[in-house]
Amino acid sequence: MPTQKSSSIPLMVEKKLTEMVKPPKHIPSHTLSLSTLDNAPYNEVMYKMCYVFKARNVGYDDNQPNYLVREALSVLLGYYYPLSGNLKRRDTDRKLQLSCGSDEDGVEFTVATANVKLSSLKYLENIDSDMALKFLPEVQVDKDGYPPFALQVTNFECGGFILGVALPHSMCDGYGEGHIMCALTELAGGKNMPTVTPVWERERLVGRPIENDQVPFVPEGDTATSPYSPTDDWVTEKISIRAESIRRLKEATLKEYDFSNEALTTFEVTGAYLWKSRVKALSLDRDGVTSLGLAVGIRNAVNPPLPDGYYGNAYIDMYVSLTVKEVEELTISDIVKLLKQAKRKAHDKDYLQEELTNTESIISMNLTIKGRFCLTDWRNIGIFGPMDFGWGEPVNIVPMVPPEIARILSIVMPASRLEPSMAGGVQVMITLPRAAMVKFKEEMNSVN
């Protein structure tokens, strides 16, 4: 993201303390297995996130956020003890294993201080990735594995703070991460236990490998090419879409096609418009194939449905693939119909079992899946649920996605709390070549 030069004082972040926080009770030594979806190679990615909290109006103790989060983390590990283990992919069968109960287990908790006020950084609204990494915990990955959870609290001169989180996608999806963070908040607020009891049950989503004489389906990558790629000059932006603009977009789509039998969602119309805008901005060749993937939750496609406390991965990616010419010529309503079909297919129990079987085989055969552009919705999965440690809700939440993933992933997020005029709207986070981003912003801003 573009650097915001809003302070004359150079930012300095000093990491003062890192300690290993352990579960409150001894955990017997054992190993946990993960689901097929957890084991999928595309999920073994370390995601990091900054939760930004403004200063309180009342008295402030610069050690209070550290103390609250640290004590809550200790209690949290009594319920989510797997977060204190060690994650490693075995060479024998390419499966992840989570080792728990070692004397070395625990969650790294770092305390840091910054020499500026949060307002001078615009509350990370437009900050560059290199700077944001200063507020995030470092996770060491080596031949012996890596920890599945780490936290950092960075205190600012104004009394505000940033809570930095590191968590591999192989441990949980956004819904599960939301449960973990909301539980941490509840425990920091004085509750004795989280409202939602965590459930492991990863065996519920394990597929059988296909027979030896069968070949798993490995989707082909997109063939459409752009004059702006390859390049090393990529930029990430957050584009805001107003509530009124979304309403007008829905009205125009409903004039094209009657969706009266099923709801027309903000995610669907925004996703269709975004796909068309991205294709145009990249100037993709018209005969090439381009895809739009959707991360579709499948918690209720399992029989019986997964319990609310299940915090493993419970989604599958569904793709709509078209030629660039088709994307350009189809209406928003045409694309929405295709997206709805893909979502219905994901909720089919038989299809889910086929997908688990296919993914299990891809893992065991160590096959490579080419990345395709995917859109995910982070508005309603709990990730932005109650998180008031006593400083109010976070005014900003900044996902930090590895660069190679960011280039094929766009995130639909709630509107920024820093802009009251954006209430009811959404933000779209996307990474593109710099030259294409200019065109993309023009396309997206035209909807406003």
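All values derive from a computational prediction rather than experimental measurement.

**Quick notes on unusual backbone geometry**
Geometrically, the link from Ser229 to Pro230 is a cis peptide bond, its omega value of 5 degrees lying close to zero. Considering the arrangement of structural elements, one finds Pro230 in the loop between helix H4 (174-188) and strand E9 (234-241). Its identity as a non-glycine residue notwithstanding, Ser283 has a phi of 50 degrees, on the positive side. Along the chain, Ser283 falls in the loop between helix H6 (266-282) and strand E10 (289-297). The exposure class assigned to Ser283 is partly exposed, which follows from its relative accessible area of 30%.

**Digging into the confidence of the model for the protein chain**
Within the protein chain, residue pLDDT values average 91, and 95% of them lie at 70 or more. Between residues 1-7, whose pLDDT stays under 50, and residues either more than four places distant or in other chains, the model counts 21 contacts.

**Focus on the sheet that holds strand E7 (residues 150-155)**
Taking strand neighbours across the sheet as the criterion, the six strands line up as E1-E6-E7-E8-E3-E13 in an open arrangement whose pairing is mixed. Strand pairing shows two members of the sheet lacking a second neighbour, strand E1 (13-21) and strand E13 (396-400), which therefore form its edges. On average, each strand axis in the sheet is tilted by 15 degrees relative to the strand beside it, whichever way the strands run. For strand E6 (residues 107-114) and E7, the ladder comprises six bridges, and the chain directions are parallel. Bridge pairing in E7 places Val111 opposite Val153.

**As for the nonpolar core**
Ranked by size, the top nonpolar core spans 58 residues in total, and within it Leu73, Leu76, Phe149, Leu163, Ile180, Leu184 and Phe389 carry the most contacts. With six residues, H4 is the largest single contributor of residues to this core. Dropping the residues within four chain positions of it, Ile180 is found in contact with Leu76, Tyr80, Leu83, Phe149, Leu167, Cys172 and Tyr311. Val269, Val324, Ile335 and Val336 belong to the second largest nonpolar core, which has 56 residues in total.

**Some details on helix H2 (residues 64-76)**
The end-to-end C-alpha separation of H2 is 18 Å, in line with the 18 Å expected for 13 residues at 1.5 Å each. Looking at H2, one finds that the buried residues are Pro65, Asn66, Leu68, Val69, Ala72, Leu73, Ser74 and Leu76. Of the surrounding secondary structure, the elements contacted by the buried residues of H2 are E1, E6, E7, strand E8 (161-168) and H4.

**Quick word on the sheet that holds strand E12 (residues 374-377)**
The sheet built from six strands is open, its strands ordered E9-E15-E14-E12-E10-E11 with mixed pairing. The two strands at the open ends of the sheet, each matched to only one other strand, are E9 and strand E11 (315-323). Neighbour-to-neighbour, the strand axes of the sheet open up by a mean angle of 20 degrees, direction not taken into account. Contacts from H6 reach E9, E10, E11, E12, strand E14 (409-414) and strand E15 (426-433), with the element oriented near 25 degrees to E15.

**Things to note about the packing of aromatic side chains**
In total, this model carries seven aromatic pairs according to the counting rule given. Pairing Trp200 with Tyr311 gives two aromatic rings, centres 5.9 Å apart and planes at 70 degrees, and the pair type is edge-to-face. On the criterion of sequence distance, the pair formed by Trp200 in the loop between H4 and E9 and Tyr311 in the loop between E10 and E11 is long-range, its members being 111 residues apart. The two residues Trp200 and Tyr311 agree in class, both being buried. Relative to Phe259, the ring of Tyr257 has its centre 4.7 Å away and its plane inclined at 65 degrees; by these criteria the two rings are edge-to-face. Classification of Tyr257 by relative accessible area gives partly exposed; the value is 37%. Linked through ring pairs, Phe53, Phe161, Phe389 and Trp391 together constitute an aromatic cluster. Looking at Lys54, its charged tip hangs above the ring of Tyr123, at a distance of 5.2 Å from the centre.

About the thresholds
- Residue positions are given per chain, counted from 1 along the sequence in the order it is written.
- Given that the model is predicted, a residue must reach a pLDDT of at least 70 before its local features are reported, and side-chain atom pairs must reach 80 or more before they are shown or counted; all residues, however, enter totals for whole chains, interfaces and linings.
- By convention in this description, side-chain values take in all heavy atoms of the structure and omit both hydrogens and water.
- Working definition: helices are DSSP H or I runs of at least four residues, strands are E runs of at least two. Numbering for both runs from the N terminus.
- With a 1.4 Å probe rolled over the protein chains alone, any residue whose accessible area is under 20% of its type maximum counts as buried; one over 50% counts as exposed, and the rest are partly exposed.
- Confidence scores labelled pLDDT are given residue by residue by the predictor and lie between 0 and 100.
- By definition, residues are in contact when any of their heavy atoms lie within 4.5 Å.
- A pair of strands counts as paired when DSSP detects no fewer than two bridges linking them.
- Angular values range over 0 to 180 degrees, each being the angle between N-to-C directions of two axes fitted as lines to C-alpha atoms, with helices fitted over their stretch in contact.
- Among buried residues, those of type Ala, Val, Leu, Ile, Met, Phe, Trp, Tyr and Cys that are joined through side-chain atoms within 4.5 Å constitute a nonpolar core.
- Here, expected helix span is obtained from the residue count minus one, scaled by 1.5 Å.
- Aromatic pairing here means that ring centres of Phe, Tyr or Trp (its six-membered ring) are within 6.5 Å. Orientation follows from the plane angle: under 30 degrees is stacked, over 60 is edge-to-face, and everything else is tilted.
- Only when the NZ atom of a Lys or the CZ atom of an Arg is both within 6 Å of the ring centre and within 35 degrees of the ring normal do we say a charge sits over the ring.

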